[in-house]
Amino acid sequence: MELVAGCYEQQWTLVADFTHHAHTASLSAVAVNSRFVVTGSKDETIHIYDMKKKIEHGALVHHSGTITCLKFYGNRHLISGAEDGLICIWDAKKWECLKSIKAHKGQVTFLSIHPSGKLALSVGTDKTLRTWNLVEGRSAFIKNIKQNAHIVEWSPRGEQYVVIIQNKIDIYQLDTASISGTITNEKRISSVKFLSESVLAVAGDEEVIRFFDCDSLVCLCEFKAHENRVKDMFSFEIPEHHVIVSASSDGFIKMWKLKQDKKVPPSLLCEINTNARLTCLGVWLDKVADMKESLPPAAEPSPVSKEQSKIGKKEPGDTVHKEEKRSKPNTKKRGLTGDSKKATKESGLISTKKRKMVEMLEKKRKKKKIKTMQ
């Protein structure tokens, strides 16, 4: 697979200025901070790219199974989830695994970090929505949602969040931890992005993108974005522009300028045909200072402590969960800002040369096994 990073100029043209053949299988997740791009794949590895130097920085090996989600919080921490049911918290400076938690009985399908950095939500194939206390690195609450959700997303201010199940969007309020409304899309949803605290962009297994109002639950507008299904979206703001970027199975990446009135469809700024079957999307903005340097220390009082207690409000079928069992050998209780130690001897950053050698040996081992079976 190729990682294609584009940059924008005054003419709004997309230029592929860094392309790298890295993973041995298709990409499944991507995340970006002010310096690094990380990619997850079905080959069970996470690869790191230094966008300042335009080089591959190394690879992280800890998960078994497809990497399903990657999220940065500022420049200091990366959180990953995978089919093995684990959520791993990584030090994005030393690239060491700080904590590995058995998060779901099935696969972890998606996770989202609260804007404060003190809470996270995850969904998995065990039909649960789980709230995580990131200050203490433990599970805070488990809600049985009776279906397998595949996306969860906090709003920009963290006052509400959405849980996606197939083509249904359940909107939860943080202060009550209950559903305030439900939006139904025409097709299965593949990506959602909050454009504001109340406006949600929705894309799925179709050519159109829709903007919904989370308060009135009405569709504000819809527009044909691609010739095939939209796989992922990303939005960002720069002076005088609020931009949404879309990637599709048709191979096109498109950039759209959002209007102030979200009832008016956005205008196309530029597009590029990558000639690839795109699966995920991230946007790296050069020379952007990221003020969120690290997750808040455990000693600080949490500004969302009241809301967190309300998230933990017990309802029929819900479970208050004190702490999940962690993967060995993380036996000591530590916050995310505690001592940085590798979760296992085999997890952590490995060099590109070492990774390629391991991949070559693995291929030889598989070929030998096939010959033996014959």
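A short tour of the structure in this document, coming up. (Residues numbered from 1 in each chain as written. Predicted model: local features only at pLDDT ≥ 70, side-chain atom pairs only at ≥ 80, totals over all residues. Heavy atoms only, no water.)

### Description of the overall build of the protein chain
Basically, it comes down to this: Only runs of H or I of at least four residues qualify as helices and only runs of E of at least two qualify as strands under DSSP, and these elements are numbered from the N terminus. Partly exposed describes any residue whose relative accessible area lies between the buried limit of under 20% and the exposed limit of over 50%, with all areas from a 1.4 Å probe on protein chains only and scaled to the type maximum. Note on definitions: a residue-residue contact is assigned when non-hydrogen atoms from the two residues lie within 4.5 Å. Residue exposure ignores everything except the shown protein chains as possible cover, and the areas themselves are Shrake-Rupley values with a 1.4 Å probe.
When helices and strands are tallied, the protein chain shows two helices and 27 strands. Evaluated residue by residue, the protein chain yields a buried proportion of 53% over its 374 residues. For the protein chain, restricting intrachain contacts to residue pairs at least 6 apart in sequence, the fraction spanning at least 24 positions comes to 47%. On the protein chain, roughly 18100 Å² of surface is accessible, and the fraction owed to carbon and sulfur atoms is 51%.

### A closer look at the sheet that holds strand E26 (residues 267–273)
Within a sheet, each strand pairs with its neighbour through backbone hydrogen bonds, oriented either parallel or antiparallel. Here is the rule we go by: One bridge is not enough; two strands pair if DSSP finds at least two bridges between them. As a rule, the C-alpha atoms of each element are fitted with a line to give its axis, helices using only the stretch in contact, and angles between N-to-C directions run from 0 to 180 degrees.
Taken in spatial order, the four strands of this open sheet run E23-E24-E25-E26, and their pairing is antiparallel. Because the sheet does not close on itself, it has two edges, and the strands there are strand E23 (230–238) and E26. When the angles between neighbouring strand axes are averaged without regard to direction, this sheet yields 20°. Here strand E25 (residues 252–257) runs beside E26; their pairing, made up of six bridges, is antiparallel. Residue pairing in the sheet places Met-255 in a bridge with Cys-270 of E26.

### Considerations on empty space enclosed by the protein
This is how the line gets drawn: A cavity here means a set of 1 Å grid points, computed over protein atoms only, where a 1.4 Å probe fits but cannot escape. A pocket is an open set with protein on both sides within 12 Å along at least 5 of 7 lines, and lining residues have an atom within 4 Å of a point. Grid points are joined across faces, edges and corners, and a volume is the space filled by probe spheres set on the points. Three categories are distinguished: nonpolar for Ala, Val, Leu, Ile, Met, Phe, Trp, Tyr, Cys and Pro, charged for Asp, Glu, Lys and Arg, and polar for the others, with Gly belonging to the last.
Within this structure, the stated rule accounts for two cavities of 30 Å³ or more. Its volume calculated, the second largest cavity comes out at about 50 Å³. In terms of lining residues, the second largest cavity is bounded by Ile-79, Ile-87, Ile-89, Ile-101, Leu-111, Ala-120, Trp-132 and Leu-134. Residues that form the lining of the second largest cavity fall into these classes: eight nonpolar, no polar and no charged.

### What about the packing of aromatic side chains?
The criterion, for reference: Ring pairs shown here join Phe, Tyr and Trp side chains whose ring centres sit within 6.5 Å, with only the six-membered ring taken for Trp; geometry is labelled stacked below 30 degrees between planes, edge-to-face above 60, and tilted in between.
Throughout the structure, instances matching the rule amount to six aromatic pairs. Centroid distance Trp-154 to Tyr-161: 5.1 Å. Interplanar angle 65°. Geometry classified as edge-to-face. Accessibility assignment for this pair places Trp-154 and Tyr-161 in one class, buried. Measuring from centroid to centroid gives 5.1 Å for Tyr-161 and Tyr-172, while their planes differ by 5°, and the two rings are stacked. Placement of Tyr-161 in strand E16 (residues 160–165) and of Tyr-172 in strand E17 (residues 168–173) is noted, with a sequence separation of 11 residues between them. Among the residues examined, Tyr-161 registers a relative accessible area of 3% and is labelled buried. On the accessibility criterion, Tyr-172 (3% relative accessible area) is buried.

### Things to note about the pairing of E25
Sheet topology note: the strand E24 (residues 241–248)/E25 ladder contains five bridges and is antiparallel. Counted as the bridge partner of Ser-246 is Lys-254 from E25. Linking E24 to E25, which pair antiparallel, is a turn of three residues; within it Gly-251 sits at a positive phi near 95°.

### Re the nonpolar core
Convention followed: Among buried residues, those of type Ala, Val, Leu, Ile, Met, Phe, Trp, Tyr and Cys that are joined through side-chain atoms within 4.5 Å constitute a nonpolar core.
Among the nonpolar cores identified, the biggest contains 27 residues, and Leu-129, Val-162, Val-163, Ile-169, Val-192 and Leu-200 are the most heavily contacted of them. Secondary-structure elements contributing two or more residues to this core are strand E12 (119–124), strand E15 (151–154), E16, E17, strand E19 (189–194) and strand E20 (199–204). Ranked by residues supplied to this core, first place goes to E16 with five residues. Among the nonpolar cores identified, the runner-up in size contains 18 residues, and Phe-36, Val-38, Ile-48 and Leu-86 belong to it.

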